[in-house]
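Results of the structural survey
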Amino acid sequence: NKAYISLRLAAPAAPRAPHKPDGPDDATRLLREEAAREVTLAEAAQQTPTLAIVGAAGCGKSTLLQWAGVSIARAQLPPSRAEPLTDEQRAFVAALGAQPPLPVFVALRDFVRHCRPAGQPARAITPAALVEFIGHFYTEQFSSVTFPAGFFVRHLRQGCLLLLDGVDEVSPKDRAAVRNAVEGL
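So, here's what we can say about the structure. From a predicted model like this one, the values you see are computed outputs, not experimental measurements.

A closer look at the overall build of the protein chain
- Within the protein chain one finds eight helices and two strands.
- For the protein chain, the sequential pattern of α-helices and β-strands runs α-α-α-α-β-α-α-α-β-α.
- Burial analysis of the protein chain (185 residues in total) assigns 32% to the buried set.
- Of the contacts formed within the protein chain by residues at least 6 apart in sequence, a portion of 59% connects residues at least 24 apart.
- For the protein chain, the accessible area works out to roughly 11700 Å², and carbon and sulfur atoms hold 56% of it.

Quick look at the structure:
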C-alpha cells in the first residue's frame, strides 16, 4: 500500500463513429468515446474482461499490475493475516466479481528467455510453452509450495487474472510469437 501510487486510466482519443458489427467491442468503443473521462482500474475492469495498460517506460505499468495481483491475493487472506485493503483495492477486487480470480503475473521477457536460453537450443514460443513457463516460474518462486498437477492449466481455463508485463521488453522479432502464445491460451 505504501509504494503504490494511484493511477487513473484513459483510453486514447478517437473520433466518434457509429458502432459496426465488425468494429471494436462495446467496452472499447465506450472507452474511446469517453476518452476525456478518466477511469479507475476498477471501472475499467467492470467494462471489459481484457485490458491493455499502455504508457511510457517508468510510468507505473508494472507497478499497477503487481498492485492488482497483490490486492486480489490479499483479499483472499483471512483478516487476521493481512492488512485491511484500501478503498481502491476493495473496489478493484469487487469489480472482478464475487469470487476473485487467481492472479498470475508473467514477465514476458522472462518467458522469452525461458524459450531462448543462452547457449542452448531455442524452444518454440507457443501456448504450451507459456503454460510450462508459468508452472516452472511459480514452482521456482514458491519452492515450499507443491502445486497439484494441472494447477495452472485448470486456472487458465477457468479464468484467472493473467497479468502480462513487459510487452515492450520483448524483442520485436519475438512479439508476434508471444502474442500468438497468449491468444492461444
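Some details on the environment of Gln 89
- Along the chain, Gln 89 falls in helix α4 (residues 87-95).
- Sequence separation between Gln 89 and Val 70 is 19 residues; the distance between their C-alpha atoms is 9.3 Å.

Examining the layout of surface pockets
- The volume enclosed by the largest pocket comes to roughly 1300 Å³.
- Forming the walls of the largest pocket are 42 residues, and the residues nearest its centre are Thr 50, Leu 51, Ala 52, Leu 162 and Leu 164.
- Looking at the lining of the largest pocket, the elements that each hand over two or more residues are α2 (41-47), α3 (61-76), α4, β2 (161-165) and α8 (172-183).

Observations regarding the packing of aromatic side chains
- For the structure shown, the criterion picks out nine aromatic pairs.
- Ring geometry for Phe 111 and Phe 133: centres 5.8 Å apart, planes at 50°, overall tilted. With Phe 111 in helix α5 (residues 108-115) and Phe 133 in helix α6 (residues 127-141), this pair connects stretches of sequence that are 22 residues apart.
- What makes Phe 111 buried here is its relative accessible area of 0%.

Quick look at the packing of α5 against α8
- Packing of α5 against α8 leaves a shortest axis separation of 11 Å and a crossing angle of 100°. Taken together, the axes of α5 and α8 are roughly perpendicular relative to one another. Residue-level contacts link Leu 108, Phe 111 and Val 112 of α5 to Asp 174, Val 178 and Ala 181 of α8.

Here we look at the pairing of strand β1 (residues 103-107)
- Within β1, five of the five residues are buried, which leaves it mostly tucked inside the rest of the structure.
- Here β1 shows no split at all, with Pro 103, Phe 105 and Ala 107 on one side and Val 104 and Val 106 on the other all buried.
- One ladder, built from five bridges, connects β1 with β2; its direction is parallel. Note that in β2 the partner of Phe 105 across the bridge is Leu 163.

Some words on the nonpolar core
- Counting residues in hydrophobic clusters, the biggest one holds 34 residues, and the most contacted among them are Phe 92, Val 106, Phe 111, Ile 125, Ile 134 and Val 178.
- Apart from the residues within four sequence positions on either side, Val 178 is in contact with Leu 108, Phe 111, Val 112, Ile 125 and Val 170.

Things to note about the side chain of His 114
- Mapped onto the elements of the fold, His 114 is located in helix α5.
- Aside from chain neighbours lying at most four places away, what touches His 114 is Arg 123, Ala 129, Glu 132, Phe 133 and His 136.

Observations regarding the environment of Asp 168
- Turning to its location among the elements, Asp 168 is positioned in the loop between β2 and α8.
- When the C-alpha atoms of Asp 168 and Arg 109 are compared, they prove to be 8.9 Å apart, with 59 residues separating the residues in sequence.

Description of the side chain of Lys 61
- Structurally, Lys 61 can be placed in helix α3.
- Here Lys 61 occupies a buried position and makes no salt bridge, while the nearest side chain of opposite charge, Asp 168, is found at 4.5 Å.
- Not counting chain neighbours up to four residues away, the residues in contact with Lys 61 comprise Ile 53, Val 54, Gly 55 and Ala 56.

Conventions we followed
Residues numbered from 1 in each chain as written. Predicted model: local features only at pLDDT ≥ 70, side-chain atom pairs only at ≥ 80, totals over all residues. Heavy atoms only, no water. Helix = DSSP H or I, 4+ residues; strand = E, 2+ residues; numbered from the N terminus. Buried < 20%, exposed > 50% of the residue type's maximum accessible area, 1.4 Å probe, protein only. Contact = heavy atoms within 4.5 Å. Areas by Shrake-Rupley, 256 points an atom, 1.4 Å probe, with all protein chains shown as cover. 1 Å grid on protein atoms, 1.4 Å probe; cavity = no way out; pocket = protein on both sides within 12 Å on 5 of 7 lines; lining within 4 Å. Points joined across faces, edges and corners; volume = space filled by probe spheres on them. Phe/Tyr/Trp six-rings, centres within 6.5 Å; stacked < 30°, edge-to-face > 60°. Axes fitted to C-alpha atoms, helices over the stretch in contact; angles between N-to-C directions. Parallel < 35°, antiparallel > 145°, perpendicular 65-115°, else oblique. Pairing = 2+ DSSP bridges. Core = buried A, V, L, I, M, F, W, Y, C linked by side-chain atoms within 4.5 Å. Lys, Arg positive; Asp, Glu negative; His and termini not counted. Salt bridge = Lys/Arg side-chain N within 4 Å of Asp/Glu carboxyl O.

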